[in-house]
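What the coordinates show
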Amino acid sequence: MSTIISLKPLLAVILPAIGIGGIVLSRRYPNIREGPTIVTAVSTVGVIASLLPAVLSGNVYITNLGTFVPGVAFTLRADALGTLFALLASFLWVITSFYSIGYMRGLDEHAQTRYFASFAGSVSAAIGVAFASNLIILYIFYELLTVATYPLVTHDESDAARAAGRKYLAYTFGGGVAVLAGIVLVFWSTGTVAFTPGGIASLASIDPLIARGAFALLAGGFGVKAALIPVHSWLPDAMVAPTPVSGLLHAVAVVKSGVFGISRLVFDVYGPETVAALGVGVPLAAIAAVTIVIASIIALRQDNLKRRLAYSTISQLSYITLGLGLFSPEALIGGLLHIPAHAFMKLTLFFCAGAIHVETHTDNISKMAGIGRRMPLTMSAFAIASVGMAGLPLVAGFVSKWYLLIGSVDAGYPIFAIVLLSSGILNIAYFWPIVYQAFFQTAVETDAKPVIEFSLGGQWRPIRTDGHGHGREYGDEHTEETESESESDGDDTADIATTGDGNANGQPDDTDAESSQQEPKIPDGPSDPNAETTYAVDVYPSDHTTTSTADTERSARKTTANNRDETANPNATMNTGEDNTSIETASRSSSSTDASPSTHASDTPLTDTPESKTETEHSPNASINRDDTQTLRDDPDLGISDGDDETLKTEENNDDMHVSDPAWERRTVRTESTWFMLAPIVIAVTGAVVLGVIPQQAVFLSLIEQVVTAATGVVI
Amino acid sequence: MTDALPLLVVVPLFAALFPVALGYLWNDAGWATAAITAVVHLGLAGVVAQQVLTGGQFSYAVGGFQPPIGIELVADSVTAVLVILISSITILIVGYTRRVGPHQNAFYSELLLLTAGVSGVVITGDLFNLYVFLEITGLATYALVAANRSPAAALASVKYLLVGTIGASLYLLGVGYLYVATGTLNMADLATQLPAVGYDTPLVVTGFILLMTGLAIKTALFPVHTWQPNAYAKSPHSVTAYIAALVSTAAAYAIFRIIYTVFTPSFASVVPLALDVLAWVAAVSIIVGSVLAVVQSDLKRMLAYSSVAQFGLIIAGIAVMNQIALTGSVVHLVGHAVMKAGLFVAVGGLASVAGGQTIDDMIGLGRRAPIVSLGFATLAFALVGVPPAIGFAGKWQIVLGAVSAGHWAVGVVAVVSTMLTLAYFLRVVERLYFRSPSSVDEQTSDMSMNMTTDGGDTLVASSITTTTRIIVTLSAISAIGLGLAASDLITILEPAVEVYF
Amino acid sequence: MTPIELLTSRYSYIVFVALVGIGLYGVINSSNLVKKVIGLNIFQVGIFLFFIASGYVNDAAPPLIEKGTGTGTETAYASPLPHVLILTAIVVGVSLTAVALALIIRVYNAYGSLDEDVIREVQLND
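These remarks concern the structure in this document. Quantities reported herein were computed from a predicted structural model and do not represent experimental measurements.

Scanning chain A for helices and strands turns up 28 helices and 5 strands. Scored against the burial criterion, the 716 residues of chain A give a buried share of 65%. Partitioning the contacts of chain A with sequence separation of at least 6, the portion at a separation of at least 24 is 78%. With an accessible surface of roughly 22400 Å², chain A has 65% of that area assigned to carbon and sulfur atoms.

What follows is the structure, encoded as structure tokens:
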């Protein structure tokens, strides 16, 4: 094992920072602006990849930049563990950059220069964290990472975003303070903070109280970013950021840097033996186990997809911490392997969530019934990644989980193996419904979601769905059915208050309030604390408009009619294959305030245009249309005469907010979304599968085996 | 040439006559004189620094009278670093006032007097001489605070004068006590004479307390800081930048000198309570200063309370009697001066664009004043302690030293101060970048009051001058550069600091 | 020593403490700005008194040596140093008072009153 003096580690850190300059300079030219991002991303990956051969054979690259403070050298060091993280971060940055381009353009977001520049800065800091050679340098880049990601969290500049940003800074700086205190303790008691393979020797011999205290401070400080309970709550709130940010940073770079800090702590500051000797490893693993279980249970209750993914991230990150806390080579390998495994899988999931948001403006799982039809590739990737998260074979999650299971038994704590297995079940519990309903259900036939919505013990009365994925208690059905009857004569003025959700489109801040006859909108579930209104991503006008004319028409229609449902002319051929359940149509028609046929007539021209989407039709032929729509749904290729074929093929999407239960139109892979977003999804999920099928060839496992062998002396 | 040392004081002092005298002939005499003098001062500082770095500590006997009877000027590496700091800040501020600041010739005279005073504080080796220079500094500052002709500034200056004079007088009384005890005023001589008298005699201890109290008033530690927020808030922007960077710095340097050169660490071992109390007062300053800063709505008052907290940190590092912490304190002294000067100049720029200096005036300025806002944000995070800027290096040393010396409370407070500093800076950064003006109700910012702070010049909201941008960028870059070069700075300071341990 | 002895022999120091106390009380407690400055002066005078009093040597001659007598003919000379120090301090005090009064004039011209409370009211009403 030799040391190679080279500028490459420094280059890897500096390149993204140079990218910031390029991005800022080209801020007035949006099309050119993405260039520096892509170029620096690719070159950074290139530089780091070029380090691989030597690192794999046990060498270490060093760039020495002098002394920072007395006793602390400013050195960047690329060893196996650091290269693992750096390679992961930079490679995923490339694909995230492409994804960002698609995402930001798709939503026509503001402040893109600041976004891309902060992104580059964050990656630069993350690589700096990876290549730090001692705790102080790690701390430097750790804090810089916090500062660089703050503008990304607060990107939306709404109150929720600002509050999330404040919380984020408070938590992460607080973690930084704890890390600094720990570093001071280590430096004071041992005189060095350099990462020494096998641990700083003197830490084993100093006063155990100080050693344990320093470990607790360091692990706690890093644990803020690694989202251990109880300092995890910044992560779900940070989901207010744009999805590429949530994906790369809060599933890959920031949180992994926290976990990376813990792994450096375990491997190179204390060393696995000292950790075991001091008895601090098992409490760490225990906290991780608690986090795994609690976060998974909380995830079951989340309706917002990104929040569910956030809690899933919290849970999965603790797999890594769990592995690091146990003194067994397999557990260490499993924990470290989960870093890239989880990164690929979670990135896939977040990319899918973002694609769904951009394409259909849907953020809630309860609205996603049948969306597999609209976004087949996306949801397939989601399905594969979910399989991996649960730890089923052939996807990356299985390999790391396998090692963790063996390791926890090997270390003498089979309880952790049980925790891991039950976590797998919980993962299935919160991912499987999403996948299942996406492909095998439609809005009409969906089950109540999220899974746990009512009291945990269950209800004594039977639960039905109200058609938008929310449970409703028995006894309300009756009124709905009567409405559908009265509906059938097309009496638009029937003023029947319904308990059905008249405006099922869950758009809370819209004309709902104006439709007084409608039932007050049911929030996303009686016990759902995550009402959509808390998310800025849903309340921007841009979220609800798309670039097509359909939207302007739709909004025009909204203002003229002042209610969500357009009364369709019986003769209008609008059946665009959207859905609706009779129940909804009934209520909707009842809510329309102007019942005169003239209004219908006036509405007709608007609704006649082939590109428009009607929200629901409750025409006199509602029941007839309903059948049509049913048949339409069953048989997508069967178009109703006019306009339907075109609408089926248009790239306009269904605005979730306007329809109670969208029957998603069927799209192919080519028309589902832009390739900017689809290609990264494909690459990420392919990476997850590759890591699962041939982990040995995928470079990560080799790096990890090297790290663990060097640390524990055991060859796996 | 060792004559450079007294020239550091004499040149600005003498040059202070010219703006007023020549001002009758030529309107611009003030600025030109100040600029030339500042450059000459920098040259002299360079000479002194070079001599110290190559030859070690040296001294100069004023008037040829040998110490301990005569007044002695001493230059060691701490002095050298601080003198360079003074010259640089003077050049920066003189450049700043060219466009922005008060333009009266009397103003420049006072500025040069202040330069002379601060330089004198830093180079003197005699206790009473220190009093004289402290008073020169004070007088010049009182006049400068009121330089913009506004009555609010005059009132703030009167308050400052009253409190500051009491502080200086207490200092004088302390000098008197020590003189009564030993018969000498020379710092080095006192260090040998005081043990003979006995460190724990009431006379010596009282002398110490009086000296420290007087200097604490000048440094604006809690609870005797009350003059500072008003004085900073009401004075012109250039003046605030200058005095925030240098005046309290000089007083903190005086504390360092007296504790280490006059009283020496032996005093701390005989009377540990005295230093412990000082450390506790400093720690409380950190907390209270930060907490009070969070609730301020005026930006300059917020920065004034921030100074209270930061000087608490510096004095805490001095009071724990540990070499590492002491080095950290000096490093932080230098770094804080650079950062605060940059911050106040940035506030001046932002206030001129926004038309007011309250925190809500800053909303959305990230877009209108991108360079200055970025500089402000960088300096803010540097002061918070984000590495690798200089704010971190000093803080790291202080915490490490405090922990090594066993002062755990000071260490914890210093570490936690990061969060506290973040609390008040985050409010500003958030408003600069992440709020847009339309999303806030029109608030009444105290435009009428705040408009008068710009040195009596035109009161309309104007744009930012290039000079402001240059200065803010320079100080931000220096903050980061100094941070990266922190170990070199520490190496320079080592010889001066280790003699005490 | 007994209080009476203290009073008769060290009376200067008692007066010094009294002056300092009175001066401080004036500065802190009076609301009139000019009275504050007066209090400040009294405070400073007390300090000067301390120096001078402590520099007093019993039965000592003034520090004047006639030319040609070498180191002088007296046995004890009083040290001139405290007096020099105090001269400096007096000058400082005078200039401070001058500056303070100049500022107070400006304050008076703007606010029309020398009373601190009144001025604060006026400032609040601005």
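So, on to the environment of Gly-101 of chain B. For Gly-101 of chain B, the position within the fold is in the loop between α4 (77-99) and α5 (105-123). Each C-alpha atom of the pair Gly-101 of chain B and Ala-146 of chain B lies 13 Å from the other, and the pair is 45 residues apart in sequence.

Residues and elements named next belong to chain B. For the pair helix α14 (residues 323-354) and helix α16 (residues 370-384), the least separation of the axes is 9 Å and the interaxial angle reads 150 degrees. It follows that α14 is roughly antiparallel to α16 by the angle criterion. With respect to the hand of their crossing, α14 and α16 are arranged in left-handed fashion. Contacts between α14 and α16 pair His-336, Met-339, Lys-340, Gly-342, Leu-343, Ala-346, Val-347 and Leu-350 from the former with Val-372, Ser-373, Phe-376, Leu-379, Ala-380, Ala-382 and Leu-383 from the latter. Of the residues contributing to the contact of α14 with α16, the split by class is 11 nonpolar, 3 polar and 1 charged.

Per the counting criterion, the structure on display carries 48 aromatic pairs over all chains. Measuring from ring centre to ring centre gives 6.1 Å for Tyr-99 of chain A and Tyr-103 of chain A, while their planes differ by 25 degrees; the resulting arrangement is stacked. Placement of both Tyr-99 of chain A and Tyr-103 of chain A in helix α3 (residues 80-107) is noted, with a separation of 4 residues, approximately one turn of the helix. Of the two residues examined, Tyr-99 of chain A and Tyr-103 of chain A, each falls in the buried class. With centroids separated by 5.5 Å and ring planes inclined at 75 degrees, the aromatic side chains of Tyr-199 of chain B and Phe-267 of chain B adopt a geometry described as edge-to-face. Residue Tyr-199 of chain B is located in the loop between α8 (187-197) and α9 (202-219), and its partner Phe-267 of chain B is located in helix α11 (residues 237-270); the two are separated by 68 residues in the primary sequence. Classification of Phe-267 of chain B by relative accessible area gives buried; the value is 1%. Seen from the ring of Tyr-142 of chain A, Lys-225 of chain A lies directly overhead, with NZ or CZ sitting 3.8 Å from the centre. Cation over ring: Arg-98 of chain B sits above Trp-31 of chain B, and NZ or CZ is 4.3 Å from the ring centre.

Moving on: the interface of chain B and chain A. Listed per partner, the contact involves 31 residues of chain B and 30 residues of chain A. Taking both partners together, chain B and chain A bury about 2900 Å²; carbon and sulfur atoms supply 79% of that area. Summed over the shared surface of chain B and chain A, the result is 2 salt bridges. In this structure, the salt-bridge partner of Arg-367 of chain B is Glu-157 of chain A, at a minimum N-O distance of 3.2 Å. The interface formed by chain B and chain A holds 6 residue pairs in polar contact (both at pLDDT 80 or more) in total. By residue number, the principal contributor to the side of chain B that touches chain A is helix α18 (residues 408-433) of chain B, which donates 9 residues. Split by residue class, the side of chain B that touches chain A holds 22 nonpolar, 6 polar and 3 charged.

Ranked by internal contacts, the top residues of the largest apolar core, which has 207 residues, are Tyr-171, Ile-258, Ile-259, Phe-263, Phe-376 and Phe-425 of chain B. Sorting elements by how many residues they give to this core places α11 of chain B first, with 21 residues. The residues contacting Ile-259 of chain B, other than those within four sequence positions of it, are Phe-208, Met-212, Thr-264, Leu-275, Leu-278, Ile-318 and Met-321 of chain B. Residues Ala-86, Ala-341, Ala-383 and Val-435 of chain A belong to the second largest nonpolar core, which totals 192 residues.

On to the sheet that holds strand β3 (residues 72-78) of chain A. All names here are of chain A. Taken together, the 3 strands give an open sheet; going across it, the order is β1-β2-β3, and neighbouring strands pair in mixed fashion. The open sheet has two edge strands, β1 (3-5) and β3, and neither has a second partner. Strand-to-strand, the axes of this sheet are offset by a mean angle of 45 degrees, without reference to chain direction. The pairing of β1 with strand β2 (residues 60-69) spans 3 bridges and is classified as parallel. What sits directly across from Thr-3, in β2, is Val-60.

Turning our attention to the side chain of Thr-184 of chain B. Tracing the backbone shows Thr-184 of chain B in the loop between α7 (151-182) and α8. Within the local environment of Thr-184 of chain B, its side chain forms a polar contact with the backbone nitrogen of Asn-186 of chain B, the two atoms lying 3.2 Å apart.

The next subject is α14 of chain B. Residue and element names in this part refer to chain B. Between its terminal C-alpha atoms α14 stretches 45 Å, which fits the 46 Å expected from 32 residues at 1.5 Å a residue. With 30 of 32 residues buried, α14 lies mostly within the body of the structure. Measuring from the side-chain oxygen of the N-cap residue of α14 to the backbone nitrogen of Ile-324 gives 2.8 Å; that N-cap residue is Asn-322.

Further remarks concern the interface of chain B and chain C. Facing 31 residues of chain B, the contacting portion of chain C comprises 35 residues. For the pair chain B and chain C, the summed buried area comes to about 2900 Å², and 84% of that belongs to carbon and sulfur atoms. The interface formed by chain B and chain C holds 1 salt bridge in total. The partner of Lys-159 of chain B in a salt bridge is Glu-116 of chain C, with the nearest N and O atoms 3.2 Å apart. Those elements that provide at least two residues to the side of chain B that touches chain C are α6 (127-145) and α7 of chain B. Top element by residues in the side of chain B that touches chain C is α7 of chain B. It accounts for 20 residues. Tallied by class, the residues present in the side of chain B that touches chain C amount to 23 nonpolar, 5 polar and 3 charged.

Parameters at a glance
Residues numbered from 1 in each chain as written. Chains lettered and ligands numbered in written order. Predicted model: local features only at pLDDT ≥ 70, side-chain atom pairs only at ≥ 80, totals over all residues. Heavy atoms only, no water. Helix = DSSP H or I, 4+ residues; strand = E, 2+ residues; numbered from the N terminus. Buried < 20%, exposed > 50% of the residue type's maximum accessible area, 1.4 Å probe, protein only. Contact = heavy atoms within 4.5 Å. Areas by Shrake-Rupley, 256 points an atom, 1.4 Å probe, with all protein chains shown as cover. Axes fitted to C-alpha atoms, helices over the stretch in contact; angles between N-to-C directions. Parallel < 35°, antiparallel > 145°, perpendicular 65-115°, else oblique. Left-handed = near helix turned anticlockwise from the far one by under 90°. Nonpolar A, V, L, I, M, F, W, Y, C, P; charged D, E, K, R; others polar. Phe/Tyr/Trp six-rings, centres within 6.5 Å; stacked < 30°, edge-to-face > 60°. Lys NZ or Arg CZ within 6 Å of the ring centre and 35° of its normal. Buried area = accessible area lost by both parts, 1.4 Å probe. Salt bridge = Lys/Arg side-chain N within 4 Å of Asp/Glu carboxyl O. Polar contact = N/O pair within 3.5 Å; in protein donor to acceptor, adjacent residues only side chain to side chain. Core = buried A, V, L, I, M, F, W, Y, C linked by side-chain atoms within 4.5 Å. Pairing = 2+ DSSP bridges. Expected span 1.5 Å × (residues − 1).

Note that all results are geometric; they support no functional claim without further evidence.
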